[in-house]
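The primary structure of each chain is shown beneath.
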Amino acid sequence: MSEENVLSNKIEMKKVWQLLGIIAVTALIWNLPITCFGIEGLTVIQQRVIAIFVFATLSWLFEAIPSWATSLAIISVMCLTLSDNSIACFKGEGEAFGELLKSKDIMATFANPVIMLFLGGFILAIAATKSGLDVLLAKNLIRPFGNKSENVLLGFLLITGVFSMFVSNTATAAMMLTFLTPVFAALPANGKGRIALTMSIPIAANIGGMATPIGTPPNAIALQALNEQLHLNISFGQWMSFMFPLVIIILFISWRLILKFFPFTQKTIELKIEGHVSHGWRMWVVCITFIVTILMWLLDRVTGVDANTVAIIPMGVFALTGVINGKDLQKIDWSVIWMVAGGFALGLGMNGTGLADRAIESIPFGEFSPIAILLISGLICYFLSNFISNTATAALLVPILAVVCTGMGDKLGAIGGTSTIIIGIALAASSAMCLPISTPPNAIAFSTGLVKQNDMLKTGITMGIISMVLGYTVLYFIGKAGLIG
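Because the structure is a prediction, the values reported are computed rather than measured.

Asks: Which parts of the structure should I look at to understand the overall build of the protein?
Replies: A tally of helices and strands in the protein yields 23 helices and zero strands. For the protein, the C-alpha radius of gyration of 23 Å lies close to 23 Å, the compact-globule estimate for 485 residues. On the principal axes, the C-alpha backbone points of the protein span a range of 75 × 60 × 50 Å. Across the 485 residues in the protein, those meeting the buried criterion constitute 53%.

In C-alpha cells form, the structure reads like this:
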C-alpha cells in the first residue's frame, strides 16, 4: 500500500472516530436529566434542540463530515424526532414534553424565500458565464485603468469586488485569476507584482461579498434573522445603501496596503483578456435581465416587490428563452444552499419550540454589557471563520445572537441597535481571510504557488482588522441614526 493510501486511511479513520465522538456527546446531552441544564421549564423537545445544536457545532468545527452533510443531518433529525411526523417512539404529550414542530415548516427551510434569492444569484452567474457577459464586462471595465501597474491592480480589485457582489466569490476568484495568467507573463518572475495581483483577487472577492444580501451566505443568514425573527424589515436596496460605500472604501484601502506590502518593480503592464463572448440575441436577453433584476433589487421599496420575488425573474426568463438548460442547473452550488438551509432549521428549532423564549427568561441578557456582546461575538465569528466555513459560523452564531438581542431589548441602542450585532456577524465572517483554508478564494489564490502563507497572513489579518473596525463603526452610526429597519 502506498504512503498516500496509508495517509488517506488514517485521515478517514480519524474522521470516523471524531464522528462517533460527536454522536456520543450528542446522545449524552439528549438523554441527560432536564434539571442538569439549569433552565426552568425546559421541555423534552427543547432539550433535543440543544442536543442537535451541539451536534451541529461540533460537526462544523471538526469537519468530521462535510458541512452540507451536517445541515442535511440537522433537517433530517429534526423531521424524525421533533416534528408532528416524528417516529412514534419520539412522540409524547403533556406540558413537560413540549410542542412538536410541523414537519412542513422544517422542510420549508430549504425553500425559504432567502434561498430563492440565492438561487437567483446563482442563475445570473451561470448565465453570465455561459454567454460570455463576464468576459465582456471584464474587458471593458479594466480598459479605463490604463496600463500603469498600480492602476491595473486597482482595476482588478474593483472589478473583482463588484463581481463578488452578485456572483459567487469562489467563481469570481477563479475567473479573475484566469484573466491574470497572461499578465503574469509580462511581469518579472522575481518581482512582487505577481504577488500583489494574485493577492488582490481573494481580498477583493471576500470584501466585495459584503455589499449585497446575495454576495455571501452569511449575509443571507443575517438578513433572514433580521427580517423574519427580529422583524426589522431590511430591504436589498437598504442593505446596499450602507454596505456598498463601505466596501468601496475598504477596497481602496486594500489597494494602498497591497502596494505597500508588494510594490511593483515594473511600472506598466500590457493587458490582454481573452475569452468567448456570444453576440446573438441570447446575450441581449442576459444583459437586459441582469439590468432589470439588479434595478428591481435596488428599488424593491419603490416597486413593492421584495428581493426574494425579484430573484425568480432571471430563473423564469432564462428557462423560457433557453439561455439555461437542465445541465446548467447542475452547476448551482447546492452544498451552499443546504448549508444555509441548515442554519435556518437551527433558528426554527430554537424559536419554534420556544427554546429561545425560555433562554430569554432564564438567562439575564438584560444585565450583559452591549459592548461586551458586540466585541465577543465579532471576535468569535472572526476566529472561527478563519478555520471553518464562514457560512457554518454564521449559521451557528446568528440564531444565538438573535435570542441575545431580543433579551437585551432597548439596551442595544448604546451600540446602534440589534442590526450592529447581527450584520456585524456577516461582516466579521467575510473579514476572516488570513489563511489559505479561510475561504475558497484564498485557497484558489494559494494554489497558484505565487503567494506564500505568510504573505496571505499579514495581508489578511491587516485587512480583516481594518474592515471590521470600519464596518462596525458604520453600523453603529447608521443604527444610531435610525437608518436600519
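Okay, back to it.
Asks: When you look at the environment of isoleucine 371 in this model, what are you seeing that I'm missing?
Replies: Within the secondary structure layout, isoleucine 371 lies in helix 19 (residues 370-385). Assessed through its relative accessible area of 51%, isoleucine 371 is described here as exposed. Once the C-alpha coordinates of isoleucine 371 and leucine 427 are considered, the two residues, 56 residues apart in sequence, prove to be 17 Å apart.

Asks: Just checking my understanding: could you explain the packing of aromatic side chains for this structure?
Replies: Any pair of aromatic rings gets described here by the distance separating the centres and the angle formed by the planes. Under the counting rule described, the total for this entry stands at nine aromatic pairs. Here phenylalanine 236 and tryptophan 297 contribute two aromatic rings whose centre-to-centre distance is 4.8 Å and whose plane-to-plane angle is 10°, an arrangement assigned as stacked. Residue phenylalanine 236 is found in helix 11 (residues 236-261), and its partner tryptophan 297 is found in helix 12 (residues 281-298); the two are separated by 61 residues along the sequence. According to the relative accessible area criterion, phenylalanine 236 is buried, its value standing at 2%. Here tryptophan 297 falls in the buried class, since its relative accessible area comes to 0%. For the ring pair tryptophan 239 and phenylalanine 242, a centre distance of 6.5 Å and an interplane angle of 35° mean the geometry is tilted.

Asks: What exactly am I supposed to notice about the nonpolar core here?
Replies: Across soluble globular proteins, you tend to see nonpolar side chains buried next to one another. With 159 residues, the main nonpolar core has Trp60, Leu153, Phe156, Leu197, Trp297 and Phe318 as its most contacted residues. A per-element tally of this core places helix 11 first, with 13 residues. The residues touching leucine 197, leaving out its near neighbours within four places in the chain, are Val152, Leu153, Phe156, Leu180, Val183, Phe184, Leu187, Phe264 and Ile269. If you look at the next biggest cluster of nonpolar residues, it comprises five residues, including Phe55, Ala64, Ile65 and Ala69.

Asks: What's the story with the packing of helix 7 (residues 149-166) against helix 9 (residues 193-208) in this structure? I'm lost.
Replies: Angle between the axes and distance between the axes: these two values describe a pair of packed helices. In contact at an axis separation of 7 Å, helix 7 and helix 9 are set at 30° when each is read in the N-to-C sense. By the angle class used here, helix 7 and helix 9 are roughly parallel. Crossing hand, helix 7 versus helix 9: right-handed. Contact with helix 7, carried on its side by Val152, Leu153, Phe156, Leu157, Thr160, Gly161, Ser164 and Met165, involves Ala196, Leu197, Ser200, Ile201, Ala204, Ala205 and Gly208 of helix 9 and no other residues of that element. Grouping the amino acids of the contact of helix 7 with helix 9 by side-chain chemistry returns 10 nonpolar, five polar and no charged.

Asks: What is the right way to look at the side chain of threonine 172 in this model?
Replies: Mapped onto the secondary structure, threonine 172 falls in helix 8 (residues 169-185). Apart from residues lying up to four places away in sequence, threonine 172 is in contact with Thr160, Phe163, Ser164 and Val167.

Asks: In this structure, what is going on with the environment of glycine 322? I would like to understand it.
Replies: Here glycine 322 shows up in the loop between helix 15 (312-321) and helix 16 (326-329). Taking the C-alpha atoms as reference points, glycine 322 and arginine 282, separated by 40 residues in sequence, lie 8.4 Å from one another.

Asks: Looking at this structure, how should I read helix 21 (residues 418-431)?
Replies: Along an α-helix, residues three or four apart share an orientation, since each turn contains 3.6 residues. Between the first and last C-alpha of helix 21 there are 20 Å, a value that for 14 residues agrees with the 20 Å anticipated at 1.5 Å per step. At glycine 424, helix 21 shows its strongest bend, of approximately 30°. The buried count for helix 21 comes to 14 of 14 residues, which makes it a mostly enclosed element.

Asks: What exactly am I supposed to notice about the layout of surface pockets here?
Replies: A probe matching the size of a water molecule, rolled over the atoms, marks out where space remains unfilled. Here the second largest pocket is characterised by a volume of approximately 490 Å³. Only helix 2 (44-62), helix 18 (355-362), helix 19 and helix 20 (390-408) provide two or more residues apiece to the lining of the second largest pocket.

Asks: I tried to follow a nonpolar patch on the surface on my own but got confused; where do I start?
Replies: Together, Met13, Val16, Trp17, Leu20 and Ile23 line one region of the surface with nonpolar side chains, adding up to about 520 Å² of accessible area. Looking at where methionine 13 falls in the secondary structure, it is placed in helix 1 (residues 3-31). Assessed through its relative accessible area of 44%, methionine 13 is described here as partly exposed.

Asks: In this structure, what is going on with unusual backbone geometry? I would like to understand it.
Replies: When glycine is set aside, most residues are seen to have a negative phi, and most peptide bonds are trans. Backbone geometry at histidine 231 places phi at a positive 55°, although glycine is not the residue there. Checked against the element boundaries, histidine 231 lands in the loop between helix 10 (217-229) and helix 11. Non-glycine residue asparagine 233 carries a positive phi angle of around 55°. Assignment of secondary structure puts asparagine 233 in the loop between helix 10 and helix 11. For asparagine 233, a relative accessible area of 53% gives the class exposed.

Asks: Is there a simple way to explain the pattern of salt bridges in this structure?
Replies: Oppositely charged side chains are able to pair whenever their charged atoms sit close together. Enumeration according to the criterion identifies two salt bridges in this entry. In this structure, the salt-bridge partner of lysine 130 is aspartate 328, at a minimum N-O distance of 2.6 Å. Here lysine 130, found in helix 5 (residues 113-131), pairs with aspartate 328, found in helix 16; they are 198 residues apart in sequence, far enough to count as distant. Of the residues examined, lysine 130 reaches a relative accessible area of 33% and is grouped as partly exposed. When the shortest N-O distance is used, the salt bridge between aspartate 328 and lysine 331 registers 3.3 Å.

Asks: So what exactly am I meant to see when it comes to helix 20 here?
Replies: If you check helix 20, its first and last C-alpha atoms are 26 Å apart, about what 19 residues at 1.5 Å a residue would give, namely 27 Å. Its maximal kink placed at valine 398, helix 20 deviates by approximately 25°, while the proline proline 399 follows within four residues. For helix 20, the capping residue at the N-terminal end is serine 389, with a side-chain oxygen 3.1 Å from the backbone nitrogen of threonine 391. Glycine 409 sits one or two positions beyond helix 20 and adopts a positive phi of about 55°.

Parameters at a glance
Residues numbered from 1 in each chain as written. Predicted model: local features only at pLDDT ≥ 70, side-chain atom pairs only at ≥ 80, totals over all residues. Heavy atoms only, no water. Helix = DSSP H or I, 4+ residues; strand = E, 2+ residues; numbered from the N terminus. Rg over C-alpha atoms; globule rule 2.2 N^0.38 Å. Buried < 20%, exposed > 50% of the residue type's maximum accessible area, 1.4 Å probe, protein only. Phe/Tyr/Trp six-rings, centres within 6.5 Å; stacked < 30°, edge-to-face > 60°. Core = buried A, V, L, I, M, F, W, Y, C linked by side-chain atoms within 4.5 Å. Contact = heavy atoms within 4.5 Å. Axes fitted to C-alpha atoms, helices over the stretch in contact; angles between N-to-C directions. Parallel < 35°, antiparallel > 145°, perpendicular 65-115°, else oblique. Left-handed = near helix turned anticlockwise from the far one by under 90°. Nonpolar A, V, L, I, M, F, W, Y, C, P; charged D, E, K, R; others polar. Expected span 1.5 Å × (residues − 1). Bend = angle between axes of the 7 residues up to and from the residue. 1 Å grid on protein atoms, 1.4 Å probe; cavity = no way out; pocket = protein on both sides within 12 Å on 5 of 7 lines; lining within 4 Å. Points joined across faces, edges and corners; volume = space filled by probe spheres on them. Patch = residues over 30% accessible without salt bridge, like charges linked within 9 Å, V, L, I, M, F, W, Y side chains within 5 Å. Areas by Shrake-Rupley, 256 points an atom, 1.4 Å probe, with all protein chains shown as cover. Salt bridge = Lys/Arg side-chain N within 4 Å of Asp/Glu carboxyl O. Polar contact = N/O pair within 3.5 Å; in protein donor to acceptor, adjacent residues only side chain to side chain.

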